[in-house]
Amino acid sequence: SGPRAVPGACFSRVRPSPLQNPQLVAMSLPALALLGLEAPAADREAAAEAEAAQYFSGNRLLAGSEPAAHCYCGHQFGSFAGQLGDGAAMYLGEVLGPRGERWEIQLKGAGLTPFSRQADGRKVLRSSIREFLCSEAMFHLGIPTTRAGTCVTSDSKVVRDIFYDGNPKSERCTVVLRIASTFIRFGSFEIFKPPDEYTGRKGPSVNRNDIRIQMLDYVISTFYPEIQEAYSDNSIQRNAAFFKEITKRTARLVAEWQCVGFCHGVLNTDNMSIVGLTIDYGPFGFMDRYDPEHICNGSDNTGRYAYSKQPEICKWNLGKLAEALVPELPLEISELILEEEYDAAFEKHYLQKMRKKLGLIQLELEEDSKLVSELLETMHVTGGDFTNIFYLLSSFSVECDPSKLEDFLEKLTSQCASVEELKVAFKPQMDPRQLSMMLMLAQSNPQLFALIGTKANINKELERIEQFSKLHQLTAADLLSRNKRHWKEWLEKYRARLQKEVESVSDADAWNTDHARVMNSNNPKYILRNYIAQNAIEAAENGDFSEVRNVLKLLENPFQEAEVFREVKEDAEEEGATATAGACAQETRSRLPYCSKPPLWASELCVT
């Protein structure tokens, strides 16, 4: 059961390691319904939760379970890492759901496997809550994803150095029940890779093309049955059709991410689903202030997986999958498919989705792409909140008179970054002496400089210093005036485009109804912002799971105003003048509306 190389196999049999006193943090009834599990009766709720905690922690095994850990490899941050595999996750088996669908169920955080490497096979409360909530949030946003049925914590502890800074702390072992049609990924096919020319590492199953054929047959016949049926007598054509389909699915998936401001954080080939799902929620983040260079992963020092780079990285990963399918699919065929299909599929889906977000439901004009680009540029220069700006646009009217336009501009600019927020965003990150040394090195020894720094990073820091300096001369009134000007210019273009929609229909009222319906079902009011997840995590770490459950309920209806979750905005004095300053700060923090753009303290959150 200890960490080891696993040649000649896709799975290894394992056993979950028991936890002390498992307790249910939360369960997603819509996800559990896939397995045929229903909400318990009120008088059985406590017993059902206790039972769920036993089974979905791994302390007890469901009848028929055959626990196994999956072997896969991966390119991590662009370099081949060799054998990786399920270091903490355990496949239990497949469940045939009430609709006849097959669902793999998996426990993440259930203990040691042969693929645990130097780790302990455990996950902790904070990372498990984030994965549990985001899996369900993405599903309810309409984005293909693995699901999460339960989150179970325990009294068992492990030590973690959260920020890798030499300050470890003890944390509670926690397990997430994950559900998907399959957890096979691009990296599953990289176990056959011969020694890499850059890293020297190789897959554990080099020269086992028989297993590659078996795995391809399984994936295509099980998850792409229409392709298997159409090309049953020609394996090359079949494999080409499969690669074409996963290329298009991946392109559409990343287009969906871009349209909700979702950053995955670790787009390695081992985190790419073979059926086009969002998989493996680690240091992800939903973008708040629009920034195309936004990096959600504090460990991504070079910005490889920044928001704007996700489409090209997913294409690069598909290229690595193509290499892993040789000789069953010749590279000249797969490379041609990738070039012909990926960019076209991404751009088509992205623009279709953006048209829906802007309520452009009648006409498809060439100018729409420019309108979207100019909107994003306006968001960028004003520091607009990505989610809230789109949500506000749902209420913009073509017949907006001057007074209403002024009111609307006030609402829009309230969702733009303040001078204080911009100062935090553009605060220089390098010590001036370090920067000076790097600039001197770039001049005197370019070869050495190339090894320890990049020109792009230095230029970014110089730009940050310049912006930070300018902000000290900027008043709040100047910023507001500038932001209003930018938004007024874009709204005039948007109104002209909407006018073309209205003029193209015979029934303007029907168009208005459809326009509002489409926008309201494509622009979420609620997303899993980091500060919302952090509040839920802190409450759970103190033994209160109610906030995790509240946030889950909220995220199940991301497009609707949630009456039950409207926080009462009471004066802090009414809460009791005797409260300590620290308690008041915590109360204020928890009372922020869930749809609010993040508070200043959220900028200090670092997810690695």
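All figures in this text were calculated on a predicted structure; none of them were measured in a lab.

A. Local environment of the state of the cysteines. For the structure shown, the criterion picks out zero disulfides. No disulfide involves cysteine 71; its sulfur sits 5.9 Å from the nearest other cysteine sulfur, which is in cysteine 73. We classify cysteine 71 as buried; its relative accessible area is 1%. Of all cysteine sulfurs in the structure, the one in cysteine 151 sits closest to cysteine 173, which takes part in no disulfide; the separation is 12 Å.

B. Structural detail: the nonpolar core. Phe189, Phe243, Leu358, Leu393, Leu491, Tyr494 and Leu528 are the most contacted members of the largest nonpolar core, which totals 149 residues. Counting residues per element, this core draws most heavily on helix 6 (residues 235–260), which supplies 12 residues. Residues contacting tyrosine 494, with those up to four places away along its chain left out, are Leu358, Leu360, Leu371, Leu393, Phe396, His515 and Met519. Within the second largest apolar cluster, six residues are counted, among which are Met430, Leu435, Met438 and Leu441.

C. Molecular detail of the confidence of the model for the protein. Taken residue by residue, the protein gives an average pLDDT of 92. The fraction at 70 or more is 95%. Predicted confidence is poor over residues 566–585, with pLDDT under 50, and the contacts of this stretch with residues over four places away or in other chains come to 12 contacts.

D. Structural view of the pairing of strand 9 (residues 147–160). Counted residue by residue, strand 9 has 11 buried out of 14 residues, so it is predominantly covered. One ladder, built from four bridges, connects strand 2 (residues 23–27) with strand 9; its direction is antiparallel. Bridge pairing in strand 9 links methionine 27 to threonine 150. Bridging between strand 9 and strand 10 (residues 169–180) involves 10 bridges; their strand directions are antiparallel. Within strand 10, the residue paired with arginine 147 across the bridge is isoleucine 179.

E. Highlighting unusual backbone geometry. Note that the residue after valine 326, namely proline 327, is joined by a cis bond; omega there is 10 degrees. Here aspartate 280, not a glycine, exhibits a phi torsion of approximately 65 degrees, which is positive. Along the chain, aspartate 280 falls in the loop between strand 11 (262–263) and strand 12 (285–286). Take aspartate 280: its relative accessible area is 12%, and that puts it in the buried class.

F. Structural context of the pattern of salt bridges. All told, the structure shown has 37 salt bridges when counted by the stated rule. In this structure, glutamate 293 engages lysine 460 in a salt bridge whose closest nitrogen and oxygen atoms are separated by 3.6 Å. Remark: lysine 460 occurs in helix 15 (residues 455–471) and glutamate 293 occurs in the loop between strand 12 and helix 7 (310–325); sequence separation between them is 167 residues. For lysine 460, a relative accessible area of 28% puts it in the partly exposed group. Taking the shortest distance from any N to any O, the salt bridge between glutamate 374 and lysine 370 comes out at 3.9 Å. A residue pair is termed a helical-turn pair when its members lie 3 or 4 positions apart in one helix, as glutamate 374 and lysine 370 do in helix 9 (residues 368–382) at four residues.

G. How the structure looks around helix 6. Between its first and last C-alpha, helix 6 extends 38 Å over 26 residues, near the 38 Å set by a 1.5 Å rise per residue. Measuring from the backbone nitrogen of isoleucine 236 back to the side-chain oxygen at the start of helix 6 gives 3.2 Å, which picks out asparagine 234 as the cap. Directly after helix 6, the chain includes glycine 261, whose backbone phi takes a positive value near 75 degrees.

H. Expanded view of the domain arrangement of the protein. Domains assigned within the protein are domain 1 (11–325) and domain 2 (434–468). With centres defined by C-alpha atoms, the gap from domain 1 to domain 2 works out at 37 Å.

I. Structural detail: the packing of aromatic side chains. Within the structure shown, the criterion is met by 18 aromatic pairs. For the ring pair tyrosine 290 and phenylalanine 386, a centre distance of 6.0 Å and an interplane angle of 25 degrees mean the geometry is stacked. With tyrosine 290 in the loop between strand 12 and helix 7 and phenylalanine 386 in helix 10 (residues 386–393), this residue pair connects regions lying 96 residues apart in the sequence. For the ring pair tyrosine 531 and tryptophan 601, a centre distance of 6.2 Å and an interplane angle of 90 degrees mean the geometry is edge-to-face. Of the two residues, tyrosine 531 is situated in helix 18 (residues 530–541) and tryptophan 601 in the segment after helix 20 (581–590); the sequence distance between them amounts to 70 residues. Residue tryptophan 601 is classed as partly exposed on the basis of its relative accessible area of 24%.

J. Just helix 16 (residues 476–503), in detail. Over its 28 residues, helix 16 extends 40 Å from the first C-alpha to the last, a length consistent with the 40 Å expected when each residue adds 1.5 Å. Buried within helix 16 we find Leu479, Asn483, Lys484, Trp487, Trp490, Leu491, Tyr494, Arg497, Leu498, Glu501 and Val502.

Rules and cut-offs
Residues numbered from 1 in each chain as written. Predicted model: local features only at pLDDT ≥ 70, side-chain atom pairs only at ≥ 80, totals over all residues. Heavy atoms only, no water. Disulfide = S-S within 2.5 Å. Buried < 20%, exposed > 50% of the residue type's maximum accessible area, 1.4 Å probe, protein only. Core = buried A, V, L, I, M, F, W, Y, C linked by side-chain atoms within 4.5 Å. Helix = DSSP H or I, 4+ residues; strand = E, 2+ residues; numbered from the N terminus. Contact = heavy atoms within 4.5 Å. pLDDT = per-residue confidence, 0-100. Pairing = 2+ DSSP bridges. Salt bridge = Lys/Arg side-chain N within 4 Å of Asp/Glu carboxyl O. Expected span 1.5 Å × (residues − 1). Polar contact = N/O pair within 3.5 Å; in protein donor to acceptor, adjacent residues only side chain to side chain. Domains from an automatic or database assignment. Phe/Tyr/Trp six-rings, centres within 6.5 Å; stacked < 30°, edge-to-face > 60°.

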